[in-house]
Amino acid sequence: MAYIALDKKVSDVPEDGMTLAKAGETFVLLSSVDGEIYATSRSCPHAGAALNYGFLEGSEVRCPLHGAMFDVITGDIVMGPASHGLRCFTVKIEGEDILIEEG
Ligand code: FES
């Protein structure tokens, strides 16, 4: 499987926090949970809010607009009003570089 590099480095992701990254034209939400970096889609599936402006507690991100919650490790929805979860990307770390699986 091919991997594509993101425009953010490992040091750009705050510990236990989030940052927005891009791979080509694709926006990705990077979340740090217990020292691991996870990548998901960044738009809330409810009405498209940017989840990087939301709130991360443990592995759960809360949408800043209407409060839907998602698990950034599994992509699963934790609480509505969204009706489905986030897309997850497989992450590969190479030194300071962060890559996600293409496709
Ligand atoms: S846009 Fe995220 S819950 Fe409505």
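Residues numbered from 1 in each chain as written. Predicted model: local features only at pLDDT ≥ 70, side-chain atom pairs only at ≥ 80, totals over all residues. Heavy atoms only, no water.

Take the state of the cysteines next. One pass over the full model with this rule turns up zero disulfides. The thiol of Cys88 is not disulfide-bonded; the next cysteine sulfur, from Cys44, is found 14 Å away. Overall, the relative accessible area of 35% leaves Cys88 in the partly exposed class. (Disulfide = S-S within 2.5 Å. Buried < 20%, exposed > 50% of the residue type's maximum accessible area, 1.4 Å probe, protein only.)

The next point concerns the packing of aromatic side chains. Here a ring pair, both rings aromatic, is described through the centre-centre distance and the interplanar angle of the planes. According to the stated counting rule, one finds zero aromatic pairs in the structure shown. Arg42 extends its terminal NZ or CZ atom over the ring of Phe27, reaching a point 4.5 Å from the ring centre. Sitting above the plane of the Tyr3 ring, Lys92 keeps its charged end 4.3 Å from the centroid. (Phe/Tyr/Trp six-rings, centres within 6.5 Å; stacked < 30°, edge-to-face > 60°. Lys NZ or Arg CZ within 6 Å of the ring centre and 35° of its normal.)

With that out of the way, let us pick up the sheet that holds strand β4 (residues 36–41). Sheet strands line up and pair through hydrogen bonds in the backbone, either parallel or antiparallel. With antiparallel pairing, the four strands of this open sheet are ordered in space as β2-β3-β4-β9. Of all strands in the sheet, those with a lone pairing partner are β2 (18–23) and β9 (88–89), marking the two edges. Sheet analysis places β2 next to strand β3 (residues 26–33), joined by six bridges and oriented antiparallel. Within the sheet, the bridge partner assigned to Thr19 lies in β3 and is Leu30. (Pairing = 2+ DSSP bridges. Helix = DSSP H or I, 4+ residues; strand = E, 2+ residues; numbered from the N terminus.)

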